Amino acid sequence: MNFLPDSEHDAFRAEVRAFFKEHLPADLARRTYIGTHPPSVEDYRTCQRLLNERGWGAPHWPVEWGGTAWSPMKRHVFMEELYAADVLDYGWQGTHMIGPVIIAFGNDAQRRRFLPPMINGDEYWCQGFSEPNAGSDLASLRTRAHLVGREWVISGQKIWTSDAHYADWGFFLVRTDASVKPQRGLSLLLVPMSSTGLRVRAIESIHGGRDLNEVFLDDVRVPADNIVGEAGQGWTYAKYLLEKERTASASLYQNKRELEKARIIAREETVGGCRLIDTPAFARKIALIEADLLALQWSVLRVLAGENNANDPDAVVSALKVRGSELLQRVSELQVEALGPRALRAFGSHDEAANLVDGTPQWPAYVAGRTAQFLYLRAATIFGGSREIQKNIIAKRAFGL
Ligand SMILES: Cc1cc2nc3c(=O)[nH]c(=O)nc-3n(C[C@H](O)[C@H](O)[C@H](O)COP(=O)(O)OP(=O)(O)OC[C@H]3O[C@@H](n4cnc5c(N)ncnc54)[C@H](O)[C@@H]3O)c2cc1C
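**Student:** Got a minute to help me understand the side chain of Q390 in this structure?
**Tutor:** As for its placement among the helices and strands, Q390 is situated in helix α13 (residues 387–398). By relative accessible area, which is 8% here, Q390 ends up buried. Among the polar contacts made by the side chain of Q390, one reaches the main-chain carbonyl oxygen of G384 at a distance of 3.5 Å. Setting aside anything within four residues of it in sequence, one finds Q390 in contact with S318, K321, V322, G384 and G385.

Here it is in structure tokens:
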């Protein structure tokens, strides 16, 4: 793959940029820039519809279901522009997680039922995998489901379920056979979040927003047809789901956007009459992160190109996750450092960030949301598989330890 931009990619970049400039509502872009969590579900729906109407609702899906068949380089250019324009990056649990699983392992009826409202943002999804005592050790999960006539009856508890309070549907990993070894007895069920017996309880987060939940399932009944693929194959599907977007774990595009925000802050803030960005100490910090980000980008591009190297693919993905999540934390730390005392006022809900902190000489627009983002990103080295688990994978798969 040629990594250098050519005239075709330049033209495509210009097309994407012009589209977002013309169609993305400015207030929505502003809220995405602020970036407090969670974004409103209405903003998600607006972005997803906008993208879908343009044919960009799920670029990575097969064309038959609304995908684009873009080359990896085109997808890379698209994602750079998506983030640069402050468009929300899809409803991840839907188009990026369960969507590809339904495409690969679901049946035709499920594809027809679930994919169109997913790609258009009409139905929002959450992921019910983790449980108390079953996070890193997911295979030990205890939520059970058994068939009663033509229905699955589900009982148990999930935790850390992002967005469960506004999701329409959840995909739940459950134990359907306790008599076999743990990985063999799991199944993947699609559950309406409005089901009788399903209760969602909020978990307070350090950043002040509400995105995390506990989900209690008390004899929840769903039709037998709501199973994806075969009973007992849930572990295989869960692994496919987590591995599907191999390069996404690097958070490359988010890292680039957040670094740009750090630069914006450092261009505006001054120390002793000197712009922060012009002070050697701060410029050095930015340059160090830039160098690491560039290295991350080349690694992502090599994976996108399908380039074979000596390392095990699982180890590569884990390495991208470790580097990407640590970079996110470093970049957000840099933003907060650059803001100095102003950072103390730079967190809170969307309303607070937009109305209270925005646009006054004391609290200029670039301040809003940075501290909330910094606090939220403490979790970047936990969600999607903790840093220690990723390092275990690297040790085992890349170094045979
Ligand atoms: C913001 C956020 C959003 C999330 N969203 C979702 C979601 O939508 N759906 C969902 O299902 N889950 C979600 N999760 C859960 C997430 O996947 C788990 O938190 C994660 O897998 C870690 O599991 P745990 O919390 O049970 O920690 P544990 O597995 O109990 O780990 C605790 C600590 O021990 C370390 N550790 C554990 N085992 C080992 C080992 N073998 N070797 C070395 N160190 C080890 C871990 O690295 C960690 O530091 C989310 C989590 C967060 C923080």
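Next comes the rest of the description.
**Student:** I'm lost on helix α4 (residues 72–84) in this one. Help?
**Tutor:** Note that an α-helix has 3.6 residues per turn; residues three or four places apart therefore point the same way. Between its terminal C-alpha atoms α4 stretches 18 Å, which fits the 18 Å expected from 13 residues at 1.5 Å a residue. Of all 13 residues in α4, 10 are buried, a share of seventy percent or more. Residues of α4 that are buried: M73, K74, H76, V77, F78, M79, E80, E81, L82 and Y83. On its buried side, α4 packs onto α1 (7–23), α3 (41–53), α8 (252–268) and α9 (280–304).

**Student:** Got a minute to help me understand the site of the ligand in this structure?
**Tutor:** Taken together, 16 residues sit near the ligand, with S130, S136, W160, S386 and E388 positioned nearest. S136 is positioned with one of its side-chain polar atoms (N or O) 2.6 Å from an oxygen atom of the ligand. Looking at the shell around the ligand, the element that brings in the most residues is α13, giving three residues.

**Student:** Can you help me understand the pairing of strand β4 (residues 169–175) in this one?
**Tutor:** The side chains of a regular strand alternate, first on one face of the sheet and then on the other. Among the seven residues that make up β4, seven are buried, leaving the element largely enclosed by the rest of the structure. Residues W169, F171, L173 and R175 of β4 are buried on one face, and the alternating residues G170, F172 and V174, pointing to the opposite face, are buried as well. When strand β1 (residues 125–128) meets β4, the two strands line up parallel, connected through four bridges. Considered in β4, the bridge of C126 is made with G170.

Analysis parameters
Residues numbered from 1 in each chain as written. Predicted model: local features only at pLDDT ≥ 70, side-chain atom pairs only at ≥ 80, totals over all residues. Heavy atoms only, no water. Helix = DSSP H or I, 4+ residues; strand = E, 2+ residues; numbered from the N terminus. Buried < 20%, exposed > 50% of the residue type's maximum accessible area, 1.4 Å probe, protein only. Polar contact = N/O pair within 3.5 Å; in protein donor to acceptor, adjacent residues only side chain to side chain. Contact = heavy atoms within 4.5 Å. Expected span 1.5 Å × (residues − 1). Near = heavy atom within 4 Å. Pairing = 2+ DSSP bridges.

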